[in-house]
Amino acid sequence: MNFERELAVARRIATRSADLSLKHFERGVEMEDKSDDSPVTNADREAEVFLAAALEEAFPDDGQMGEEGVSKPSRSGRTWIIDPIDGTRDFIRGNAQWGVLLGLEQDGEPVAGVAHFPIMGKTYMGAKGGGAWCNDRAIRVSTVDRLDRAVICFNGMQNNRKWAYRDMVMDFVSRFWCLRSMSGSPDIMMVASGQADVWVEPSAKPWDLCPMKVIVEEAGGKFFNFEGTGSIYAGNALACTPAFEQLLRETFVKPEYSKPRA
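Residues numbered from 1 in each chain as written. Predicted model: local features only at pLDDT ≥ 70, side-chain atom pairs only at ≥ 80, totals over all residues. Heavy atoms only, no water.

Peer 1: Kindly report on unusual backbone geometry, identifying the contributing residues and their values.
Peer 2: A positive phi angle, near 50 degrees, is found at asparagine 135, a position not held by glycine. Residue position: asparagine 135 is located in the loop between strand S9 (131-134) and strand S10 (137-138). By relative accessible area, asparagine 135 is classed as partly exposed at 37%. The backbone of aspartate 136 sits at a positive phi, close to 70 degrees, despite the residue not being glycine. (Helix = DSSP H or I, 4+ residues; strand = E, 2+ residues; numbered from the N terminus. Buried < 20%, exposed > 50% of the residue type's maximum accessible area, 1.4 Å probe, protein only.)

Shown next, in the form of structure tokens:
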């Protein structure tokens, strides 16, 4: 199955949803804090309602799971995982690094996804066995294999005090050519498109990861979590080019690193 229709629909409705959210973005929004201390706005909720309705119309037998509470059981073995505005903090502050993420999971495995970043002017897509694309151009991970020429993206540094690996982070990232930390999803897309080589995400939900896993793997990259598996439900994630997989596994795949400190 090539998922051409699924990607076409997801791209169309992600673009439309972003256009609706841009109206909020341009005039400013008020935020609330959710129970996990992450922010939410009316734009997030309105966008998720729109996306859920559009997916229901196109794929009525598929299930749905959304960051802002959309939930629908699947009759097809497939579930759409929805992040209506990924990067809400950037959205609130008027920064460009926010987007719409739509991933399709089949029998528990991500198989297709779209990540649309309207301000950045980039739409990434990928499907299992079908390659990865940015704005209709095929993308591949880089061939860099030297640490002193490699770019690392490390997200969530503001929460570093929570993690058991905190005392080694600066020494670890100092081994790389440079460090970038723009936002979770744009950073992993830098790995997928050959602009960065390693991505560390200490805290993430399935809606943050579903399309990203497909896209980065189809671009030739590696995706796994701090437990060493490919699950998007572990609460964290790592991605890299093949050259740095062993280094990441040796550094971060440890039981004490997979959960925050008490």
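Peer 1: Outline the nonpolar core, listing residues and values.
Peer 2: Side chains that are nonpolar tend, in soluble globular proteins, to be buried together. Tyr124, Ile139, Ile188, Met189, Trp199, Ile215 and Phe223 are the most contacted members of the largest nonpolar core, which has 31 residues in total. Isoleucine 139 has contacts with Tyr124, Ala132, Trp133, Cys134, Ala192, Ser193, Ile215 and Ala219, leaving out every residue within four places of it along the chain. (Core = buried A, V, L, I, M, F, W, Y, C linked by side-chain atoms within 4.5 Å. Contact = heavy atoms within 4.5 Å.)

Peer 1: Account for the sheet that holds strand S11 (residues 151-154), with residues named and values stated.
Peer 2: With mixed pairing, the 5 strands of this open sheet are ordered in space as S12-S11-S13-S15-S14. Of all the strands in the sheet, the pair left with one neighbour each is strand S12 (178-180) and strand S14 (222-224). Averaged over all adjacent pairs, the angle separating strand axes in this sheet is 15 degrees, with direction ignored. Here 4 bridges tie strand S13 (residues 198-201) to strand S15 (residues 237-240), and the two strands are oriented antiparallel to one another. Within S15, the position partnered with valine 198 by the bridge is cysteine 240. Contacting S11, S12, S13, S14 and S15, helix H5 (residues 184-192) runs over the sheet at an angle of about 155 degrees to S13. (Pairing = 2+ DSSP bridges. Axes fitted to C-alpha atoms, helices over the stretch in contact; angles between N-to-C directions.)

Peer 1: Outline the pattern of salt bridges, supporting the account with residue identities and numerical values.
Peer 2: Under the criterion given, the structure shown has 10 salt bridges. With a shortest N-O distance of 2.9 Å, glutamate 245 and arginine 249 are connected by a salt bridge. Here glutamate 245 pairs with arginine 249, and both are found in helix H7 (residues 245-252), just 4 residues apart, close to one helical turn. For arginine 249, a relative accessible area of 27% translates into the label partly exposed. One continuous salt-bridge network, built from bridges that share partners, spans Glu6, Asp62 and Arg78. (Salt bridge = Lys/Arg side-chain N within 4 Å of Asp/Glu carboxyl O.)

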